[in-house]
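# Understanding the architecture of this molecule
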Amino acid sequence: MGLPGHRRTSSHKRRRASHFALKRSNLSVCGHCHQPVVPHRVCANCGYYRGRQVIKVKSKLSAKARAKASQAASAAKDKKE
Ligand SMILES: [Zn+2]
C-alpha cells in the first residue's frame with residue numbers, strides 16, 4: 001500500500017490551503033425577468049436566453065398565477081404610496 005514518502009509540514013499544508021477559498025460567483029441580471037442569473041446560462045426563472053424563450057420552465061406557479069402575483073404586488077405597492 002502506498003504511504004507518504006515524507007512528512008507534510010504545517011507550513012506546506014497551509015501554503016497548499018491558501019488556494020482553497022471559494023470565489024464569489026459573478027451574477028448578472030436577466031434581460032427578460034430581471035432576476036439574477038449565471039452568465040451564459042438560460043435563466044432558471046423564465047427560461048429565456050438572448051431575448052427568446054429557450055426552455056419551458058417548470059414552476060410551482062403557472063404563467064397566469066405569476067401574472068396575478070405580480071399584479072397583486074404592484075397593487076400592494078400602490079396602496080402603500
Ligand atoms: Zn429571466
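Everything numeric in this text was worked out from a predicted model, so none of it was measured.

When you go through the chain residue by residue, the secondary structure sums to two helices and four strands. Helices (α) and strands (β) of the chain occur, in sequence order from the N terminus, as α-β-β-β-β-α. Every one of the 81 residues in the chain was classed for burial, and the buried ones make up 4%. Across the chain, every contact between residues at least 6 apart in sequence was considered, and the portion connecting residues at least 24 apart equals 0%.

The residue His40 is not glycine, and still its phi comes out positive at about 65°. Inspection of the secondary structure assignment puts His40 in the loop between strand E2 (36–37) and strand E3 (48–49). Phi is positive for Arg50, close to 50°, though the residue is something other than glycine. By the secondary structure assignment, Arg50 is in the loop between E3 and strand E4 (52–53). We classify Arg50 as exposed; it has 8 C-beta atoms within 10 Å.

For the rest of this paragraph, the subject is the environment of Cys43. The residue Cys43 is located in the loop between E2 and E3 in this model. The buried category is assigned to Cys43, around which 22 C-beta atoms lie within 10 Å. Residues Cys43 and Gln53, spaced 10 residues apart in sequence, show a C-alpha to C-alpha distance of 9.4 Å. With residues near it in sequence (within four places) discarded, Cys43 still touches Cys30, His32, Cys33, Gln35, Val37, Tyr48 and Tyr49.

Attention now goes to the confidence of the model for the chain. Considering every residue of the chain, the mean pLDDT works out to 83; 72% of them sit at 70 or more. The element-level mean pLDDT for the chain is lowest in helix H2 (residues 63–80), coming to 60, with helix H1 (residues 10–17) highest at 96.

Tracing the backbone shows Leu27 in the loop between H1 and strand E1 (28–29). Accessibility expressed as a C-beta count within 10 Å gives 11 for Leu27, which makes it exposed. Along the chain, Leu27 and Val38 lie 11 residues apart, while their C-alpha atoms are 5.1 Å from each other. Not counting residues up to four positions away in its chain, the partners in contact with Leu27 are Pro36, Val37 and Val38.

What counts, and at which threshold
Residues numbered from 1 in each chain as written. Predicted model: local features only at pLDDT ≥ 70, side-chain atom pairs only at ≥ 80, totals over all residues. Helix = DSSP H or I, 4+ residues; strand = E, 2+ residues; numbered from the N terminus. Buried ≥ 20, exposed ≤ 12 C-beta atoms within 10 Å, placed from the backbone. Contact = placed C-beta atoms within 7 Å. pLDDT = per-residue confidence, 0-100.

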